[in-house]
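So you can see what is in the structure, the chains are spelled out below.
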Amino acid sequence: MRFISRTSSDGVTEQLFILGEIPGVLWTPEGAAGARPLILMGHGGGQHKKAPGIVARAHRFVTEGGFAVVAVDAPGHGDRPKTEEFIRVLAELRAAMAEGGDVAPRLAAMHTFLAGQAVPEWQAVLTAVRELDVVGAGPVGYWGMSMGCGLGLPFVAAEPRVRAAVLGLLGVDGLAEAAARVTVPVRFLLQWDDDQVPRARGLALFDALGSAGKTLHANPGKHGEIPEFETGSSLRFFARHLG
């Protein structure tokens, strides 16, 4: 892991890093020392590691919870190159959207394609970050909505170091098998009037989760209209399960 910049403001230290070909960012409390809970944060489709929502949420987790937070650019996003295969899969998804039909199969294909690379990348990032003195080998949580759920859910299913997850804004297509393998506590967020994910498919994904400690938070509004109070709710959820 190679750090390429370090800045601090409002009680939060931000460090950009490169791990192999993975660009990422780590937020920690300013002047912090010693181990602490770590939250891995997955961004949505077409976004990147420093999307405004990611940054705002990370700052709250750091300042109010004392957590460390890390985000990375998903394959084909942010500072990462777009491969020919990624461009092809994306073009097929956009064509399905333009036709106005059911895009769920194409969206699931995109997430499955990206998760094949993203899951081992997240595992490598997790290993590297936990070796830092300011993070340490403390408990780990994952937060991801929409594509962040599509890539994060298979990661949570495959990674025993993750002890709790906040997921949502996605349907069951292509994820039922991975969801059944998730047994950690999960908070699942669903927008009741989601204009991108049919409500029934979101509810089906919640139902497919294998966790006995899962809760559903449903709010009125469209896909990107999660109310701000859910950030505080997520923070308290992680505080309970990660200590």
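Right, let's walk through the structure included here.

Basis of the calculations
Residues numbered from 1 in each chain as written. Predicted model: local features only at pLDDT ≥ 70, side-chain atom pairs only at ≥ 80, totals over all residues. Heavy atoms only, no water. 1 Å grid on protein atoms, 1.4 Å probe; cavity = no way out; pocket = protein on both sides within 12 Å on 5 of 7 lines; lining within 4 Å. Points joined across faces, edges and corners; volume = space filled by probe spheres on them. Helix = DSSP H or I, 4+ residues; strand = E, 2+ residues; numbered from the N terminus. Nonpolar A, V, L, I, M, F, W, Y, C, P; charged D, E, K, R; others polar. Phe/Tyr/Trp six-rings, centres within 6.5 Å; stacked < 30°, edge-to-face > 60°. Buried < 20%, exposed > 50% of the residue type's maximum accessible area, 1.4 Å probe, protein only. Lys NZ or Arg CZ within 6 Å of the ring centre and 35° of its normal. Salt bridge = Lys/Arg side-chain N within 4 Å of Asp/Glu carboxyl O. Contact = heavy atoms within 4.5 Å. Core = buried A, V, L, I, M, F, W, Y, C linked by side-chain atoms within 4.5 Å.

So, about empty space enclosed by the protein. Evaluation of the coordinates by the stated rule reveals two cavities of 30 Å³ or more. Roughly 90 Å³ of volume is contained in the largest cavity. In terms of lining residues, the largest cavity is bounded by 14 residues, among which Gly 42, Val 72, Ala 74, Trp 122 and Leu 151 are the most central. Those elements that place two or more of their residues in the lining of the largest cavity are helix H3 (104-129) and helix H4 (147-158). Class assignment of the residues belonging to the lining of the largest cavity gives a composition of eight nonpolar, three polar and three charged. In this model, the second largest cavity occupies a volume close to 50 Å³. Leu 169, Leu 170, Phe 188, Leu 189, Leu 190, Gln 191, Asp 194, Val 197, Pro 198, Arg 199 and Gly 202 are the residues that line the second largest cavity. In terms of residue count, the dominant contributor to the lining of the second largest cavity is strand E8 (residues 186-191) (four residues). Considering only residue class, the lining of the second largest cavity consists of seven nonpolar, two polar and two charged.

Taken as a whole and judged by the stated rule, the model has eight aromatic pairs. Where Trp 122 meets Phe 155, the ring centres are 6.1 Å apart and the plane angle is 35°; that geometry is what we call tilted. Highlighted residues: Trp 122 in helix H3 and Phe 155 in helix H4, separated in sequence by 33 residues. Here the two residues Trp 122 and Phe 155 agree in accessibility, since each one is buried. Pairwise contacts between aromatic rings join Phe 61, Phe 67, Phe 237 and Phe 238 into one cluster. Geometry around Phe 206 places Lys 214 over its ring, the cationic atom sitting 4.9 Å from the centre.

Its volume calculated, the second largest pocket comes out at about 150 Å³. As for the second largest pocket, its lining consists of Glu 21, Pro 75, Gly 76, Arg 80, Pro 81, Lys 82, Thr 83, Phe 86, Phe 113, Leu 114 and Gln 117. Per-element tally for the lining of the second largest pocket: the top contributor is H3, with three residues. Among the residues forming the lining of the second largest pocket, the class breakdown is five nonpolar, three polar and three charged.

Another aspect to go through is unusual backbone geometry. The phi dihedral of Ser 146 is positive, around 55°, even though this residue is not glycine. Considering the arrangement of structural elements, one finds Ser 146 in the loop between strand E6 (140-145) and H4. One non-glycine residue, Leu 169, lies in the positive phi region at around 60°.

Let's shift gears to the pattern of salt bridges. Pairing is possible between side chains that carry opposite charge, provided their charged atoms lie close to one another. Summed over the entire model, instances satisfying the criterion amount to 12 salt bridges. Here Arg 60 and Glu 64 are joined by a salt bridge, their closest N and O atoms 2.9 Å apart. In this pair, Arg 60 and Glu 64 are both assigned in helix H1 (residues 52-65), four residues apart and thus about one turn of the helix distant. The closest approach of N and O atoms between Arg 80 and Glu 121, which form a salt bridge, is 2.7 Å.

Along the chain, His 111 falls in helix H3. Once residues within four sequence positions are removed from consideration, His 111 is found in contact with Ser 146, Met 147, Gly 150, Leu 151 and Leu 170.

Counting 49 residues, the largest nonpolar core has Leu 40, Val 70, Val 125, Tyr 142, Leu 153 and Phe 155 as the members making the most contacts within it. Considering each element in turn, this core owes the most residues, 10 residues, to H3. When residues no more than four places from it in sequence are discounted, the contact partners of Leu 153 are Leu 167, Leu 175, Ala 178, Ala 179, Val 182, Leu 205 and Leu 209. Listed in part, the 23 residues of the second largest apolar core include Val 12, Val 25, Ile 39 and Ala 51.

Geometry only, nothing functional implied.
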